[in-house]
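Structural characterization, general
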Amino acid sequence: MPESQPVHKRILLKLSGEALMGDDQFGINRDTIVRIVDEVAEVTRLGVEVAVVIGGGNIFRGVAGGSVGMDRATADYMGMLATVMNALALGDTMNKAGLTARVMSAIAIEQVVEPYVRPKALQYLEEGKVVIFAAGTGNPFFTTDTAAALRGAEIGAQIVLKATKVDGVYTADPKKDPSATRYTKLSFDEAIGRNLGIMDATAFALCRDQKLPVKVFSIFKHGALKRVVMGEDEGTLVYA
């Protein structure tokens, strides 16, 4: 009997910089990044086209103390450069694992990575390459969540997958409240009304306006990414 087909053909995976730390205090944990790449490789073998937006908290956290009192735009540009470092590490690990990754940056650093050009990104995805979007939106005052919503809409992704340390959105903090239950699905309006803080307001509004669903799941749960693209009950779906 043939294996069922993925329900999502093209996805935008949002990874926080912190996801790369594993149990370390900052930086990139080698075992963790290899395991994340293995999860991505598994879904690409199913024919799913994967784009990634990566944050920079694991690197920027180490210098964040020095940014206190700094101009906000300057601090944000530092954060963008941290995402470029993460994207290079992720792309290198993917290439070593047999995937073909392309890093595209929203700010021009052409000696290091190629600039983000939408038609080129679409071409790469259609060729089966993994596209990693670095440097957020290229503008200060916008988070990498907003970059994920923006790039997801631009490339025609069917869903934004927000990878976290928790396997979904809960009624309360499951670490503090043992009676907390996981939402299977929520509308954008319900999530906003309950102030669940899934993404920042700009990202959330963009996804809602573009009718781009968001799935929150744990990247640390083995096989969770595959279960999400196969449409199984994993994580929490937020829909328009």
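This text goes with the structure placed above it.
Residues numbered from 1 in each chain as written. Predicted model: local features only at pLDDT ≥ 70, side-chain atom pairs only at ≥ 80, totals over all residues. Heavy atoms only, no water.

What about helix 4 (residues 118-126)?
Selection criterion: The classification of residues rests on relative accessible area computed with a 1.4 Å probe and restricted to protein chains. Under 20% of the type maximum is buried, over 50% is exposed, and intermediate values are partly exposed. Numbering of helices and strands runs from the N terminus; a helix is a DSSP stretch of H or I covering at least four residues, while a strand is a stretch of E covering at least two. Within this analysis, the arc is defined by the directions that extend from the helix axis to the C-beta atoms. Should any heavy atoms of two residues lie within 4.5 Å, those residues are counted as being in contact.
If you check which residues of helix 4 are buried, you get Ala 121, Leu 122, Tyr 124 and Leu 125. All buried residues of helix 4 lie within an arc of 160 degrees about the axis, which places them on one face of the element. The exposed set on the far side of helix 4, more than 90 degrees from its buried face, consists of Pro 119 and Glu 126. Contacts made by the buried residues of helix 4 are with strand 1 (10-15), strand 2 (49-54), strand 3 (101-105), strand 4 (114-115), strand 5 (130-134) and helix 5 (144-155). Where helix 4 ends, the next residue or the one after it, Gly 128, has phi of about 90 degrees, a positive value.

With respect to the side chain of Ser 187
Within the secondary structure layout, Ser 187 lies in strand 7 (residues 185-187). Among the residues examined, Ser 187 registers a relative accessible area of 15% and is labelled buried. With residues up to four places along the chain from it excluded, the contact list for Ser 187 reads Val 238 and Tyr 239.

Topic: the sheet that holds strand 1
This is how it is decided: Strand pairing is assigned whenever DSSP identifies at least 2 bridges connecting the two strands. Fitted lines through C-alpha atoms give the axes, limited to the stretch in contact for helices. The angle between two N-to-C directions lies from 0 to 180 degrees.
The nine strands are arranged 4-3-5-2-1-6-8-9-7 in an open sheet whose pairing can be described as mixed. At either margin of the open sheet sits one strand with a lone partner, and together these are strand 4 and strand 7. Sheet contacts for helix 1 (residues 30-44): strand 1, strand 2 and strand 5; angle to strand 2, the most-contacted strand, approximately 150 degrees.

A short note on the pairing of strand 3
Moving residue by residue along a regular strand, the side chains alternate between the two faces of the sheet. Taken across its five residues, strand 3 has four buried, putting it largely inside the fold. Bridge count between strand 3 and strand 5: five bridges; the pairing is parallel. Bridged to Met 104 within strand 5 is Phe 133.

Topic: the packing of helix 1 against helix 3 (residues 72-96)
The packing of two helices is summarised by the inter-axis angle and the distance between the axes. Applicable threshold: Roughly parallel covers angles under 35 degrees, roughly antiparallel covers those over 145, roughly perpendicular covers 65 to 115, and oblique covers all other angles. Crossings are assigned a handedness: left-handed for a near helix turned anticlockwise from the far helix by less than a right angle, right-handed for a clockwise turn. By the convention adopted, Pro, Cys, Tyr, Trp, Phe, Met, Ile, Leu, Val and Ala count as nonpolar, Lys, Arg, Asp and Glu as charged, and the other residues, Gly among them, as polar.
Close contact between helix 1 and helix 3 brings their axes to 10 Å; oriented N to C, the two are set at 60 degrees. One way to sum up the angle between helix 1 and helix 3 is to call them oblique. In this structure, helix 1 crosses over helix 3, and the sense of that crossing is right-handed. Listed contacts from helix 3 to Arg 30, Ile 33, Val 34, Val 37 and Val 40 of helix 1 are Ala 89, Leu 90, Thr 93, Met 94 and Lys 96. Classifying every residue of the contact of helix 1 with helix 3 gives seven nonpolar, one polar and two charged.

Comments concerning the packing of aromatic side chains
Note the cut-off: For Phe, Tyr and Trp, rings pair up if their centres lie within 6.5 Å, where Trp contributes its six-membered ring, and each pair is then called stacked (planes under 30 degrees apart), edge-to-face (over 60) or tilted (otherwise). Remark: a charge is flagged as sitting over a ring if the NZ atom of Lys or the CZ atom of Arg is within 6 Å of the ring centre and within 35 degrees of the ring normal.
If you walk through the whole model with that rule in mind, you get two aromatic pairs. When the centroid spacing of 5.4 Å and the interplanar angle of 90 degrees are considered together, the rings of Tyr 116 and Phe 133 count as edge-to-face. Taken together, the positions of Tyr 116 in the loop between strand 4 and helix 4 and Phe 133 in strand 5 put the pair 17 residues apart, joining distant regions of the chain. For Tyr 116, a relative accessible area of 17% gives the class buried. For the ring pair Phe 188 and Phe 204, a centre distance of 5.0 Å and an interplane angle of 75 degrees mean the geometry is edge-to-face. Of the two residues, Phe 188 sits in helix 6 (residues 188-193) while Phe 204 sits in helix 7 (residues 201-209), which places them 16 residues apart along the sequence. Overall, Phe 204 belongs to the buried group, its relative accessible area being 6%. Over the face of the ring belonging to Phe 133 we find Arg 151, whose NZ or CZ atom lies 5.8 Å from the ring centre.

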